[in-house]
Amino acid sequence: MRIGIIDCGTNTFNYLLAEAKEGGMPKVFKSGKFVVKLGEHGFPDGKIHPDALQRAFDALNNFHQICLSESVQELHGCATSAFRTAGNASLLVEHCKNSLRFPLNIISGTREAELIQLGVFASGVLPEYPTLILDIGGGSNELIISSGEQVHWTGSYPVGMARLISMIRPSDPITKEEIEVVYKLLDKEMGEVVSMCRSLGVNHLIGASGSFDTLAEMIMLKKNQMHGNQHLPGYHFEMNDYDDVEKSIVKASYPERLAMPGMLPLRAEMMVLAVLTIRWVIKSCHINRLSMSAFSLKEGFLFERFHSA
């Protein structure tokens, strides 16, 4: 049996196609993403802008066509932050149900965090001691503290990168004053994670996919480590390597970021705020170990679907 899963985020819709075999986990044979930028024009009147809405319709239609061409029998969609708050997101849900004939479920922040944790667990990089998982999204950030399969705490905060950009409207390059505004906003919105990390003795951070994939690739290219590493489920950062790439991103302009080896065009706009969010977590939670999991929500959905079968 073949299964298709699409994770509909605020900035990108990510999908995977996998083939299930008897007695084991399905093997992913195709994956990709559609850039939709649901928050590009903000959310006028609490709704997704018509241009962004059309990009979302197009992405869902394209995903459906890809699944048909690959003889996928089972399709699932998970929709996250922008869908939870936008008044017209139901149009996309109804389109999937009535025209494309597959469910697109708007999931809560708690459910999103659960699936991300399962994805990171399935990657094999999650240790058995309390570890903080961070998924940086366009609309929200999900944080989880987990020891192996055991979840201790989850949090979901509406300060994803697209929302931060709309709130702060940073200069290019970003100024020191604007950086302080970002940190103060994160102090206000995400302060709970600091006390939770302190109480559980957390000093290890695992970033789930997304921006962390790009950061790992940038570092591997710089260190000539790319051969044989492109498809690993995880990566462990040296803290000085991370510090160097973070500093280069923060001081660069948008064109300079675009020119950086390993920087994806879809990441270049939001990567400054992403690394500032990571830096805030590292400093506030006294993190001294940093890793990346290439698996996140959609892999977590796949793991849950077949692990519990």
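Scroll up a little and you will see the structure.
Quick caveat, the model's predicted, so the values are computed rather than measured.

**Student:** Where do I start with the pairing of strand β4 (residues 74-79) in this structure?
**Tutor:** In the case of a regular strand, side chains alternate between the two sheet surfaces. The buried fraction of β4 amounts to 6 of the 6 residues, a majority that puts the element mostly inside the structure. The alternating pattern of β4 places Glu74, His76 and Cys78 and Leu75, Gly77 and Ala79 on opposite faces, both of which are buried. Pairing geometry for strand β1 (residues 2-8) and β4, over 6 bridges, is parallel. Its bridge partner lying in β4, Cys8 is registered against Ala79. Inspection of the sheet shows β4 paired to strand β5 (residues 104-106) by 3 bridges, in the parallel sense. What sits directly across from Gly77, in β5, is Leu104.

**Student:** Help me out: how do you make sense of unusual backbone geometry in this one?
**Tutor:** Trans peptide bonds make up the majority, and among non-glycine residues the majority have a negative phi. The amide bond that connects Asp172 to the next residue, Pro173, takes the cis arrangement and shows omega of 0 degrees. A positive phi angle is found at Asn224, which is not glycine, with a value near 55 degrees. Along the chain, the position of Asn224 falls in the loop between α8 (211-222) and β10 (234-237).

**Student:** Just checking my understanding: could you explain the sheet that holds β1 for this structure?
**Tutor:** Within a sheet, each strand pairs with its neighbour through backbone hydrogen bonds, oriented either parallel or antiparallel. Taken in spatial order, the 5 strands make up an open sheet running β3-β2-β1-β4-β5, and their pairing is mixed. Each edge of the open sheet carries a strand with a single partner, namely β3 (27-35) and β5. Sheet twist, expressed as the average angle between the axes of neighbouring strands with direction ignored, equals 15 degrees. By the bridge criterion, 7 bridges tie β1 to strand β2 (residues 12-19) in an arrangement that is antiparallel. Bridge assignment links Cys8 to a residue of β2, and that residue is Phe13. Contacts between helix α13 (residues 297-307) and the sheet are confined to β1, β2, β3 and β4, with β1 contributing the most and set at about 140 degrees to the helix.

**Student:** I would appreciate a short explanation of the nonpolar core in the present structure.
**Tutor:** Nonpolar side chains tend to gather and get buried jointly when the protein is soluble and globular. One finds Leu132, Val193, Leu205, Leu215, Ile249, Leu276 and Ile278 to be the most contacted residues of the largest nonpolar core, which totals 57 residues. Sort the elements by how many residues they give to this core and helix α12 (residues 271-284) lands first, with 10 residues. Sequence-distant contacts of Leu132, defined by excluding residues within four places in its chain, comprise Leu143, Ile144, Ile145, Val193, Cys197, Val202, His204, Leu205, Ile206 and Val281. In this structure, Phe13, Ala59, Leu100 and Phe102 belong to the second largest nonpolar core, which totals 30 residues.

**Student:** I keep staring at the packing of helix α1 (residues 50-69) against helix α3 (residues 90-100) and nothing clicks. Help me out?
**Tutor:** Two packed helices can be described by the angle between their axes and the distance between those axes. Packing of α1 against α3 leaves a shortest axis separation of 11 Å and a crossing angle of 30 degrees. Taken together, the axes of α1 and α3 are roughly parallel relative to one another. Pair α1 / α3 crosses with right-handed handedness. Contact with α1, carried on its side by Leu53, Ala56, Phe57, Leu60, Asn61 and His64, involves Leu91, Leu92, His95, Cys96 and Leu100 of α3 and no other residues of that element. Here the contact of α1 with α3 is composed, by residue class, of 8 nonpolar, 3 polar and no charged.

**Student:** Which parts of the structure should I look at to understand the state of the cysteines?
**Tutor:** A covalent bond between the sulfur atoms of two cysteines is what we call a disulfide. According to the stated counting rule, one finds 0 disulfides in the structure shown. Left without a disulfide partner, Cys96 is nearest to the cysteine sulfur of Cys8, which lies 6.7 Å away. Residue class for Cys96 comes out buried when judged on its relative accessible area of 0%.

**Student:** Just checking my understanding: could you explain the environment of Asp241 for this structure?
**Tutor:** You can see Asp241 is positioned in helix α9 (residues 239-251). Residue Asp241 is classed as buried on the basis of its relative accessible area, which comes to 16%. Placed 22 residues apart in sequence, Asp241 and Ile219 show a C-alpha to C-alpha distance of 6.8 Å. Among residues more than four places away in sequence, those in contact with Asp241 are Ile219 and Lys223. Looking at Asp241, its side chain comes within polar contact range of the side chain of Lys223, at 2.7 Å.

Thresholds, definitions, all that
Residues numbered from 1 in each chain as written. Predicted model: local features only at pLDDT ≥ 70, side-chain atom pairs only at ≥ 80, totals over all residues. Heavy atoms only, no water. Buried < 20%, exposed > 50% of the residue type's maximum accessible area, 1.4 Å probe, protein only. Helix = DSSP H or I, 4+ residues; strand = E, 2+ residues; numbered from the N terminus. Pairing = 2+ DSSP bridges. Axes fitted to C-alpha atoms, helices over the stretch in contact; angles between N-to-C directions. Contact = heavy atoms within 4.5 Å. Core = buried A, V, L, I, M, F, W, Y, C linked by side-chain atoms within 4.5 Å. Parallel < 35°, antiparallel > 145°, perpendicular 65-115°, else oblique. Left-handed = near helix turned anticlockwise from the far one by under 90°. Nonpolar A, V, L, I, M, F, W, Y, C, P; charged D, E, K, R; others polar. Disulfide = S-S within 2.5 Å. Polar contact = N/O pair within 3.5 Å; in protein donor to acceptor, adjacent residues only side chain to side chain.

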